[in-house]
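What follows is each chain in one-letter form.
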Amino acid sequence: QLSIKEVGRNNKNRRIFVQVSRDTCGENFSPGEDNRMFFGYQPTHGYGQAFPQQPIAVASLLPALPEDLHPSANFRSRHYHMLTFLFVKRDFQQLGYGRHLMEHVERVMRSALPRPIRV
């Protein structure tokens, strides 16, 4: 099971996010200014740290705005929650970490405001 933590938007965390995206697909992707970021850390065994330094998975989401009451065909509509990025490092793919991170982000979005999610 993945240990997931929401992290603040600062230069250090953005740099880590970009590094994981580059390690995963070879390109730099950075979350937008209004995005929330989540880092997933490899589970530890024995007496290891609860949250090692480097995440193995990252995700960002753009939450829906409560005041945007009417859905729009426009993709920029803030009526919907939007998962903007989700990356899992290559060595940890096909182990269910991406699904676990996606389910966590989905629960967070729906608990804040029950709206559909765009991916």
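In case you missed it, the structure is sitting above this.
This write-up is about the structure you can find in this document. (Residues numbered from 1 in each chain as written. Predicted model: local features only at pLDDT ≥ 70, side-chain atom pairs only at ≥ 80, totals over all residues. Heavy atoms only, no water.)

What about the overall build of the protein chain?
Threshold: Starting at the N terminus, helices and strands are each numbered in turn, a helix being any DSSP run of H or I of at least four residues and a strand any DSSP run of E of at least two. Relative accessibility thresholds used throughout: buried, under 20% of the residue-type maximum; exposed, over 50%; partly exposed, between the two (1.4 Å probe, protein chains only). Any two residues whose heavy atoms approach within 4.5 Å are treated as being in contact. Under the convention used here, a 1.4 Å probe and the Shrake-Rupley method define accessible areas, while residue burial counts only the protein chains that appear.
Secondary structure assignment for the protein chain yields two helices and five strands. Starting at the N terminus and walking to the C terminus, you meet the elements of the protein chain as β-α-β-β-β-α-β. Out of the 119 residues in the protein chain, the part that is buried amounts to 42%. Counted over contacts in the protein chain with a minimum sequence separation of 6, partners at least 24 positions apart contribute 63%. A total accessible area of about 7,200 Å² is found for the protein chain, and carbon and sulfur atoms account for 50% of it.

Details of the pattern of salt bridges
In a structure, side chains of opposite charge can pair up when their charged atoms sit close to one another. Our working definition: We count a salt bridge whenever a side-chain nitrogen from Lys or Arg sits within 4 Å of a carboxyl oxygen from Asp or Glu.
Within this structure, the stated rule accounts for four salt bridges. Measuring nitrogen to oxygen at the nearest pair gives 2.7 Å for the salt bridge that ties E6 to R36. With a gap of 30 residues between them, E6 in strand β1 (residues 3-7) and R36 in strand β2 (residues 36-41) connect regions that are remote in the sequence. On the basis of relative accessibility, which here comes to 38%, the residue E6 falls in the partly exposed class. Owing to a relative accessible area of 27%, R36 belongs among the partly exposed residues under this scheme. E33 is the partner of R9 in a salt bridge, and the nearest nitrogen-oxygen pair spans 3.6 Å. Pair noted here: R9 is in the loop between β1 and α1 (11-25) and E33 is in the loop between α1 and β2, with a separation of 24 residues, a long-range link. When its relative accessible area of 64% is taken as the criterion, E33 is described as exposed.

Some words on the packing of aromatic side chains
Convention followed: Two rings from Phe, Tyr or Trp (for Trp, the six-membered ring) form a pair when their centres are within 6.5 Å of each other. A pair whose planes differ by under 30 degrees is stacked, one over 60 is edge-to-face, and the rest are tilted.
Across all of its chains, the model carries six aromatic pairs by this definition. An angle of 55° between the planes, with centres 6.4 Å apart, marks the rings of F92 and Y97 as tilted. Among the residues examined, Y97 registers a relative accessible area of 13% and is labelled buried. Members of the aromatic cluster, joined through ring pairs, are F17, F29, F85 and F87.

A word on the nonpolar core
Going by this rule: By nonpolar core is meant a set of buried Ala, Val, Leu, Ile, Met, Phe, Trp, Tyr and Cys residues that side-chain atoms within 4.5 Å join together.
Of all hydrophobic cores here, the largest spans 16 residues; its most connected members are L2, F38, Y97, L101 and V105. Sorting the residues of this core by element identifies β3 (57-62), β4 (81-88) and α2 (97-112) as the ones contributing at least two each. In terms of residue count, α2 provides more of this core than any other element does, six residues in total. With nine residues, the next largest nonpolar core counts F17, M37, F39 and V58 among its residues.

What about α1?
What counts is decided by this rule: Helices are assigned an expected span. That span is 1.5 Å times one less than the residue count. Any pair of nitrogen or oxygen atoms within 3.5 Å is treated as a polar contact; in protein, a donor-acceptor pairing is required on top of that, and neighbouring residues in sequence qualify only through side-chain atoms on both sides.
Compared with an ideal rise of 1.5 Å per residue, which puts 15 residues at 21 Å, α1 spans 21 Å between its outermost C-alpha atoms and is within 8% of the ideal. For α1, the full list of buried residues reads N13, I16, F17, V18, V20, S21 and T24. The secondary structure elements touched by the buried residues of α1 are β1, β2, β3 and β4. Where α1 begins, the capping side chain belongs to N10, and its oxygen is found 3.2 Å from the backbone nitrogen of K12. At the exit of α1 stands G26, carrying a positive phi of roughly 85°.

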